[in-house]
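# Chains, contacts and geometry: an overview
Residues per chain, in single letters:
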Amino acid sequence: MRVALFLTCVNDTLYPDTGRAVVKLLTRLGVDVDFPMAQTCCGQAHYNTGYRHEAEPLARHFSDVFGAYEAIVTPSGSCGAMVRELYPRMGERARAEGRGDTLAATLAPVVPKTYELTEFLVDVLGVTDVGAYYPHKVTYHPTCHGLRGLGLGERPRRLLQAVKGLELAELPGADECCGFGGTFALKNSDVSAAMGADKVRNAESTGAEVLCAADNSCLMHIGGTMARLRTGMRPVHIAEILASTEEEPVV
Amino acid sequence: MSGTYLGMPAFPEAAREAVGNTTLRGNLRHATHTIRAKRATAVAEVSDWAELREAGKRIKDHTLRHLDRYLVRLEESVTAAGGVVHWAADADEANEIVTQLVKMTGESEVVKVKSMATQEIGLNEALEAEGIRAYETDLAELIVQLGKDRPSHILVPAIHRNRGEIRDIFAREMSEWGRPAPEGLTDTPAELAEAARVHLREKFLRAKVGISGANFMVAETGTLVVVESEGNGRMCLTLPETLISVVGIEKIVPTWRDLEVFLQTLPRSSTAERMNPYTSTWTGTTGGDGPSTFHLVLLDNGRTDTLADEVGRQALRCIRCSACLNVCPVYERAGGHAYGSVYPGPIGAILSPQLRGTGSEIDASLPYASSLCGACYEVCPVAIDIPEVLVHLRERVVQGGEVTREGNKVVLRPAKGHAAERAAMRAARWAFTHPGALRTGQRTASRTRRFHPRTLPGPGRAWSGTRELPPVPAEPFRDWWQRTRGGKDGDR
Ligand code: SF4
């Protein structure tokens, strides 16, 4: 099976390790991964800040780059939700504005083929034990767009539970937003910081060494708060845990 | 809407104070988390919740689509049952109508059933200005009134107060308004409730005029419905000689049967009760039973304009259960006052900028008062996609566009203060449609990473004030991919 990795602009620029982990993991599971070099950004930041018309060319670009692949895998719940939930809506809005079906038709092919990483592993590859080894106490934060947008449900936790050596600690108030929310963190910084601090305190109460999530944007916010509050906990993307093996551990 | 909130600063500023107030945050956290858990249990008990939610959504959408027809039907039914219907285009008109109606009775005081519509229009203040005293009889509303405070929650307007604060307010203020609080009042719930009961009883028995809102109006029979927990509403609805109900035009349902849906979803969503203790219905007037005069004031105040917006109109489905407030992480930290309206929380963030327009600083900032986490949509018993409307209103703020105001189509200009953001978004769009430019930018960032500041300038300062920035890696992913041919030449 040949799939395209949609890494997302944030991961490409700031978190290349996550990308390498995805490649390593999928290759180990027998998947042929391609990284289309022309990929950029799904347009979510534009769309959610109110610049829908600026987001449209980005969505079109996404479809041009990825349209021909069998499946598109992304290690980001929120960018996955952008394609699956909001691309169809962009098409509808364009139609409602009297601009015809062109946008909807352009975007339609990528919508059902786009999978968030854990969804791809469980639903498409049908695995929950990916042969990983990670001897740490870990707590899992389900990010909002993964949880409510994509409905990832128990998939990430099932994958983590199957990891050898990993002890999974339940996070109190797990389904509460961490306060990142894209430009929300800048525009409503006080509220955002308070939400982040509460999330970190909840995570600390579990006694875990690592907080794991399927979205680096949320992890950037949570991790930045952890560092400032000097908790000693680390944020780690779920792909890096799943990629870690006894022979080649990721610390 | 009410003049009480004019001149509010933008939401982020208004929220800052609340975020720093630990008592307030503690009160809110405790209250919202308790009710949140109870609601989830009450909802989980119903096997067909998803169907009920869908039915509620459909009934409301159908009614809104044919609102003109159902309003005429309602007017006919109310009139036939012996009531008088008045139409109010805005807050001033509604206040004027009610004030005149009270004056005609010759009374100078009225008792009130808790009502969002009368708060929206600032009725108490308008009556006060004409020498008429309005007594709130809902316990939480009484606390707000005695405390010369503003409501901060739809259902529990005094949610920001704890028991100690309530005791102090009662002890200090009750004598100003009627029977004083008993000597040595403590902060036990039973004593506080008893003090309020004795204080209010006097008012119920004396009042000749009652003022209410309504949760629902049934078009086919002209019946109004109030759903409540304490029973004080029923006293106000049955004891006075004259009853005046002020109700938003969107509160209509076509038939009695439709109530079946909402009388299940409303109590479970709002108070987490299977059924609320008091459901009062009244239809016009009945000789020898209840008020002998009944007036219904139908309030528009921006609702028809909201109805004209395809995406935003779903906000009018709201049944004011307040479930969205109780799950909202932003409301929990910012408190209700920061929203600058009687409608706080997620529903307030989408309703106020539609009813009032996005002209003021506070209204232009409300669509951003959310992290778009989606918890509000998930709990809403009429499935209002609040995040969708928020994003839609953000678009209106930054790009302007056509809206309906007072029945006329007008073209809004983009709000001020977004020019730099707009330029940045355009630049980012350009870079993202030119992969080469993106790559150059990434490489520059990587090469200069040693020189990156630990704090950010401009709007980024807010971020780096409370969080550490992630370090920029030595090499963006795409360079690694090309250098190692996707890891085939070794991982490093
Ligand atoms: S928007 Fe929905 S959840 Fe919020 S108060 Fe209205 S009906 Fe309730």
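Here is what the cut-offs are and how they apply
Residues numbered from 1 in each chain as written. Chains lettered and ligands numbered in written order. Predicted model: local features only at pLDDT ≥ 70, side-chain atom pairs only at ≥ 80, totals over all residues. Heavy atoms only, no water. Domains from an automatic or database assignment. Phe/Tyr/Trp six-rings, centres within 6.5 Å; stacked < 30°, edge-to-face > 60°. Helix = DSSP H or I, 4+ residues; strand = E, 2+ residues; numbered from the N terminus. Buried < 20%, exposed > 50% of the residue type's maximum accessible area, 1.4 Å probe, protein only. Lys NZ or Arg CZ within 6 Å of the ring centre and 35° of its normal. Salt bridge = Lys/Arg side-chain N within 4 Å of Asp/Glu carboxyl O. Contact = heavy atoms within 4.5 Å. Buried area = accessible area lost by both parts, 1.4 Å probe. Polar contact = N/O pair within 3.5 Å; in protein donor to acceptor, adjacent residues only side chain to side chain. Nonpolar A, V, L, I, M, F, W, Y, C, P; charged D, E, K, R; others polar. Near = heavy atom within 4 Å. Axes fitted to C-alpha atoms, helices over the stretch in contact; angles between N-to-C directions. Parallel < 35°, antiparallel > 145°, perpendicular 65-115°, else oblique. Pairing = 2+ DSSP bridges. UniProt positions renumbered as here; feature names shortened; annotations may be inferred. Core = buried A, V, L, I, M, F, W, Y, C linked by side-chain atoms within 4.5 Å.

### So, the domain arrangement of chain B
Each domain of chain B was delimited in the assignment, giving domain 1 (46-301) and domain 2 (434-484). The distance between the C-alpha centroids of domain 1 of chain B and domain 2 of chain B comes to 56 Å.

### Description of the packing of aromatic side chains
This model, assessed by the stated rule, comprises 13 aromatic pairs over all chains. Ring centres of Phe35(A) and Trp481(B) lie 5.7 Å apart, and the angle between their planes is 45°; on these two criteria the pair is classed as tilted. Placement of Phe35(A) in the loop between strand 2 (32-34) and helix 3 (44-49) and of Trp481(B) in helix 23 (residues 477-484) is noted, with the two residues assigned to different chains. In terms of burial, Phe35(A) and Trp481(B) fall into one category: buried. Summarising the aromatic geometry, the rings of Phe477(B) and Trp481(B) are spaced 6.0 Å apart at their centres and angled 35° between planes, so their arrangement reads as tilted. Placement of the pair is Phe477(B) and Trp481(B) together in helix 23, with a separation of four residues, close to one helical turn. Each member of the aromatic cluster is reached from another via a ring pair, and the members are Phe6(A), Phe62(A), Phe66(A) and Tyr87(A). Stacked on the ring of Trp177(B), the Lys or Arg Arg133(B) has its end atom at 4.1 Å from the ring centre. Taking NZ or CZ as reference, Lys203(B) lies 4.3 Å from the ring centre of Tyr135(B), over its face.

### Thoughts on the pattern of salt bridges
Within this structure, the stated rule accounts for 51 salt bridges over all chains. Notably, a salt bridge pairs Arg429(B) with Glu54(A), separated by 2.8 Å at the nearest N-O pair. Pair noted here: Arg429(B) is in helix 20 (residues 419-432) and Glu54(A) is in helix 4 (residues 52-66), and the two residues belong to different chains. Its salt-bridge partner being Glu421(B), residue Lys187(A) comes within 2.5 Å of it at the nearest N-O pair. Of the two residues, Lys187(A) is situated in helix 10 (residues 184-187) and Glu421(B) in helix 20; the pairing between them involves two chains. One network of salt bridges, in which partners are shared, links Glu176(A), Asp198(A), Arg201(A), Arg25(B), Arg29(B), Arg36(B), Glu332(B) and Arg333(B).

### Looking at the interface of chain B and chain A
Listed per partner, the contact involves 68 residues of chain B and 61 residues of chain A. Interface area for chain B against chain A, summed over the two sides, is near 5800 Å², with a carbon-plus-sulfur share of 58%. Counting across the interface, chain B meets chain A through 13 salt bridges. As a salt-bridge pair, Asp385(B) and Arg89(A) come within 3.1 Å of each other at their nearest N and O atoms. On inspection of chain B and its partner chain A, the count reaches 27 residue pairs in polar contact (both at pLDDT 80 or more). For the side of chain B that touches chain A, the residue count by class is 31 nonpolar, 15 polar and 22 charged.

### A closer look at the site of the ligand
In the vicinity of the ligand, the residues found are Cys318(B), Ile319(B), Arg320(B), Cys321(B), Ser322(B), Cys324(B), Ile347(B), Cys380(B), Pro381(B), Val382(B), Ile384(B) and Ile386(B). The residue makeup of the shell around the ligand, split by class, is ten nonpolar, one polar and one charged.

### Focus on the packing of helix 11 (residues 189-204) of chain A against helix 1 (residues 11-20) of chain B
Running from N to C, helix 11 of chain A and helix 1 of chain B cross one another at 40°; their axes reach a closest spacing of 8 Å. Classified by the angle their axes make, helix 11 of chain A and helix 1 of chain B are oblique. On helix 1 of chain B, the residues that touch Asp190(A), Val191(A) and Ala194(A) of helix 11 of chain A are Pro12(B), Ala15(B), Arg16(B) and Val19(B).

### Focus: the sheet that holds strand 1 (residues 2-5) of chain A
For sheets, the rule is that strands pair by backbone hydrogen bonds, running either parallel or antiparallel. All names here are of chain A. One open sheet holds the four strands; their spatial order is 2-1-3-4, and the pairing between them is parallel. The open sheet has two edge strands, strand 2 and strand 4 (114-116), and neither has a second partner. Strand-to-strand twist of the sheet, defined as the mean angle between neighbouring strand axes without regard to direction, takes the value 35°. Across three bridges, the pairing between strand 1 and strand 3 (residues 71-74) is parallel. Within the sheet, the bridge partner assigned to Leu-5 lies in strand 3 and is Val-73. Contacting strand 1, strand 2 and strand 3, helix 2 (residues 16-28) runs over the sheet at an angle of about 170° to strand 1. Contacts between helix 7 (residues 117-124) and the sheet are confined to strand 1, strand 3 and strand 4, with strand 4 contributing the most and set at about 100° to the helix.

### Observations regarding the side chain of Glu176(A)
Mapped onto the elements of the fold, Glu176(A) is located in the loop between strand 6 (167-169) and helix 10. We classify Glu176(A) as buried; its relative accessible area is 15%. Polar contacts involving the side chain of Glu176(A) include one to the side chain of Arg36(B), which spans 3.3 Å. Here Glu176(A) is in contact with His141(A), Lys199(A), His33(B) and Arg36(B), once residues within four sequence places are set aside.

### A few points about the UniProt feature "domain: Cysteine-rich" (unreviewed entry) in chain A
The sites that carry the UniProt feature "domain: Cysteine-rich" (unreviewed entry) are, in the present numbering, residues 3-83 and 138-222 of chain A. End-to-end, the C-alpha atoms of residues 138-222 of chain A are 15 Å apart, and along that stretch the chain is 47% helix and 12% strand.

### Looking at the nonpolar core
In this structure, Tyr87(A), Met90(A), Phe11(B), Phe216(B) and Ile350(B) are the most contacted members of the largest nonpolar core, which totals 90 residues. With seven residues, the top contributor of residues to this core is helix 5 (residues 77-96) of chain A. Each residue touching Tyr87(A), except ones within four places of it in the same chain, is listed here: Cys42(A), Leu58(A), Ala59(A), Phe62(A), Met82(A), Leu107(A), Val110(A) and Val111(A). Among the nonpolar cores identified, the runner-up in size contains 46 residues, and Leu142(B), Ile166(B), Cys236(B) and Leu296(B) belong to it.

### Digging into the sheet that holds strand 3 (residues 133-136) of chain B
Residues and elements named next belong to chain B. In space, the six strands of this open sheet follow the order 1-10-7-4-2-3, with parallel pairing throughout. Whereas interior strands pair on both sides, the edge strands pair on one side only; in this sheet they are strand 1 (84-88) and strand 3. Within this sheet the neighbouring strands show an average axis-to-axis angle of 25°, counted without direction. Running at roughly 145° to strand 1, helix 5 (residues 91-105) makes contact with strand 1, strand 2 (109-112), strand 4 (209-212), strand 7 (242-248) and strand 10 (293-299) of the sheet.

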